[in-house]
Amino acid sequence: MAHCPFDFVNDGKKHTICLVGGGGKTTVMYELAAAWAACGRKVLVLTSTHILQPADGSFAADAAAVHSLWQQGCYAVIGTPELSTGKLTAPPQGLYNELQLQADVILCEADGSRHKPCKAPAAHEPVLLPDCDMVLAVAGMDALGRQLAQACQRPQLAAELLGCSLDSVIDEQMLTALLLSEQGARKNVGTRAYYIVLNKCDLLKAAQQEEIRRLLVSAGMDERKIWLRGRGE
């Protein structure tokens, strides 16, 4: 866990973590999964929506395959294959219920963004797991300086939330508002622990990084729960 600064990564506790928001969720999810697995923890990865079925041998079709991967020191990905798309949907409930009791850490991609760096959730989003105790909201810093219509998934909903037009250029204040709004990335979080991952921060100048961190903290976000993550970390 050399790069992730969050306090929960080394606490040794069981966690069920849902990832929501925009670009970079899958990358962050697998990065955390690999790091925890390398520490000897039993890590289960899944989606409550859709993710690509991994081709690296980490997909496990049943509980026996999950245990085999855990014994090898690897994380295990479970889900229901969609043959027409090559994607996974949510796993069978019985399989999840069995493995939930045995896993040390569960990571779930609970939101889709069609590769856009930021988003506003629709009425049915996000699909948080009932046992989720922690939510990680991800936003790509390549959203900044681009029009809402180009860089945001469900831009009309975002425009309504922000009170702006679809051709408005996304700035630090707009992105902060999307990340902190209970109609945005904080939707349905409730009393769960909430963390923010600002992805692709290497695209920003130091002053821009500090500005978005300042805006989040001044709006009440604990700076220890903000990860300014660069590509390749």
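Draft legend 1. Up close: helix α1 (residues 25–38). With 14 residues, α1 ought to run about 20 Å at 1.5 Å a step, and its terminal C-alpha atoms sit 20 Å apart, in line with that. Within α1, ten of the 14 residues are buried, leaving the element largely enclosed by the surrounding structure. Buried residues of α1: K25, V28, M29, Y30, E31, L32, A33, A35, W36 and A37, and no others. G40 occupies a position one or two residues after α1 and carries a positive phi of about 90 degrees.

Draft legend 2. Local environment of unusual backbone geometry. A cis geometry characterises the amide bond from E125 onward to P126, with omega recorded as -15 degrees. Its location among the elements puts P126 in the loop between β8 (118–119) and β9 (134–140). If you check the backbone angles, H115 has positive phi at about 70 degrees while not being a glycine. Relative to the assigned elements, H115 resides in the loop between β7 (105–109) and β8. A residue is classified by how much of its surface remains accessible, and H115, at 80% relative accessible area, is exposed. Even without being a glycine, K200 presents a positive backbone phi close to 60 degrees. Structurally, K200 is set in the loop between β11 (193–199) and α7 (206–218). Judged by its relative accessible area of 25%, K200 is partly exposed.

Draft legend 3. The arrangement of the environment of D7 in detail. Within the secondary structure, D7 sits in the segment before β1 (15–21). Between the C-alpha atom of D7 and that of R224, which follows or precedes it by 217 residues, the distance is 7.6 Å.

Parameters at a glance
- Residues numbered from 1 in each chain as written.
- Predicted model: local features only at pLDDT ≥ 70, side-chain atom pairs only at ≥ 80, totals over all residues.
- Heavy atoms only, no water.
- Helix = DSSP H or I, 4+ residues; strand = E, 2+ residues; numbered from the N terminus.
- Expected span 1.5 Å × (residues − 1).
- Buried < 20%, exposed > 50% of the residue type's maximum accessible area, 1.4 Å probe, protein only.

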